[in-house]
Amino acid sequence: MLYGKEHVQRYQETDGAEGHDWNNTTVLLLTTKGRKSGRPYTTPLIYQKFGDDHLVVASKGGDPDHPQWFKNLQAEPELEVQVKGEKFKARARTATPQERPEMWRVMARTWPDYDEYQKKTDREIPIVVLERVR
C-alpha cells in the first residue's frame with residue numbers, strides 16, 4: 001500500500017493511475033508553501049467533491065496538534081491541487097460552523113476513522129474547503 005513520499009511520487013509519475021484510488025477511497029495531492037522554509041510540500045490526502053469544491057480533513061489521526069500542511073495553508077491559503085492528471089490552483093479555507101456538520105458527514109462516510117480521530121482529541125478537527133481559483 002502506498003504511503004507518504006512514495007505515494008506522492010507514484011501519484012505524480014502516473015497522473016494518479018497509482019495512488020488516486022487508495023484503500024477504498026480517493027486521494028488528491030495538496031501542495032502547500034512551507035510557512036518557515038518557503039519550500040513546496042506535497043501531501044496525499046483523502047478527499048471528496050462537494051459541489052465545485054474539494055474537501056479534505058486536517059485530522060492527523062486525532063493528534064492534539066494540527067498537521068503541518070494545515071499550519072502551512074493557514075499562513076498561505078493559496079496552493080496547488082492535483083486530482084489524477086489534473087492540476088489546478090486553489091484557495092483553502094476552513095469550513096464554517098454552519099457548513100461543517102454536513103461536510104463532516106460526507107468525509108466520515110468516505111473514511112469512517114475520522115469519527116474515531118475526533119473522539120481522540122479535544123481540538124475540533126478542521127474540514128478544509130479547497131476552492132478552485134479561476
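Going by the structure above, here's the rest.
Let us look at the structure shown here. None of these values were measured; they are calculated from a predicted model.

**Some remarks on the environment of Met 107**
For step 1, the next point in the chain: Along the polypeptide, Met 107 turns up in helix 3 (residues 100–110).
For step 2, the next point in the chain: Under the relative-accessibility criterion, Met 107 is labelled buried at 0%.
For step 3, the next point in the chain: On a C-alpha basis, the gap between Met 107 and Val 56 in space is 7.7 Å, while along the polypeptide they are 51 residues apart.
For step 4, the next point in the chain: Setting aside chain neighbours within four positions, we find Met 107 in contact with Ile 46, Tyr 47, Gln 48, Leu 55, Val 56, Val 57, Tyr 114 and Ile 127.

**A look at helix 3**
For step 1, the next point in the chain: Buried residues of helix 3: Arg 100, Met 103, Trp 104, Val 106, Met 107, Ala 108 and Thr 110, and no others.
For step 2, the next point in the chain: Buried residues in helix 3 make contact with strand 2 (25–33), strand 3 (40–46), strand 4 (48–50), strand 5 (53–57), helix 4 (113–120) and strand 8 (127–132).

**Section: the packing of aromatic side chains**
For step 1, the next point in the chain: What the rule picks out here adds up to four aromatic pairs.
For step 2, the next point in the chain: Between Tyr 114 and Tyr 117, the ring centres sit 6.0 Å apart and the planes meet at 75 degrees, which makes this aromatic pair edge-to-face. Taken together, the residues Tyr 114 and Tyr 117, both in helix 4 and three residues apart, mark about one turn of the helix.
For step 3, the next point in the chain: Residue Tyr 114 is classed as buried on the basis of its relative accessible area, which comes to 4%.
For step 4, the next point in the chain: Overall, the relative accessible area of 18% leaves Tyr 117 in the buried class.
For step 5, the next point in the chain: Positioned over the ring face of Phe 88 is Arg 132, at 3.8 Å from the centre of the ring.

**As for the pairing of strand 2**
For step 1, the next point in the chain: Of all nine residues that make up strand 2, eight are buried, and the element is covered over most of its length.
For step 2, the next point in the chain: With two bridges joining them, strand 1 (residues 21–22) and strand 2 adopt antiparallel strand pairing. Looking at strand 2, one finds that Trp 22 is bridged to Thr 25.
For step 3, the next point in the chain: Remark: two residues form the turn of the hairpin made by strand 1 and strand 2, two consecutive strands paired antiparallel; Asn 23 in that turn has positive phi of roughly 50 degrees.
For step 4, the next point in the chain: Two successive antiparallel strands, strand 2 and strand 3, enclose a turn made up of six residues, where Gly 38 displays a positive phi of approximately 80 degrees.
For step 5, the next point in the chain: Sheet topology note: the strand 2/strand 6 (residues 78–83) ladder contains three bridges and is antiparallel. Across the sheet, the residue bridging to Thr 31 is Glu 80, located in strand 6.

**Things to note about the environment of Glu 78**
For step 1, the next point in the chain: Relative to the elements of secondary structure, Glu 78 occurs in strand 6.
For step 2, the next point in the chain: When the C-alpha positions of Glu 78 and Arg 91 are compared, they lie 4.6 Å apart, and in sequence the two are 13 residues distant.
For step 3, the next point in the chain: Excluding residues that lie within four positions of it along the chain, Glu 78 makes contacts with Ala 90, Arg 91 and Val 133.

**Points about the environment of Glu 76**
For step 1, the next point in the chain: You can see Glu 76 is positioned in the loop between helix 2 (68–75) and strand 6.
For step 2, the next point in the chain: By relative accessible area, which is 28% here, Glu 76 ends up partly exposed.
For step 3, the next point in the chain: Linking Glu 76 and Gly 34, residues 42 residues apart in sequence, is a C-alpha distance of 8.5 Å.
For step 4, the next point in the chain: A polar atom in the side chain of Glu 76 sits 3.0 Å from the backbone nitrogen of Glu 78.

Criteria and thresholds
- Residues numbered from 1 in each chain as written.
- Predicted model: local features only at pLDDT ≥ 70, side-chain atom pairs only at ≥ 80, totals over all residues.
- Heavy atoms only, no water.
- Helix = DSSP H or I, 4+ residues; strand = E, 2+ residues; numbered from the N terminus.
- Buried < 20%, exposed > 50% of the residue type's maximum accessible area, 1.4 Å probe, protein only.
- Contact = heavy atoms within 4.5 Å.
- Phe/Tyr/Trp six-rings, centres within 6.5 Å; stacked < 30°, edge-to-face > 60°.
- Lys NZ or Arg CZ within 6 Å of the ring centre and 35° of its normal.
- Pairing = 2+ DSSP bridges.
- Polar contact = N/O pair within 3.5 Å; in protein donor to acceptor, adjacent residues only side chain to side chain.

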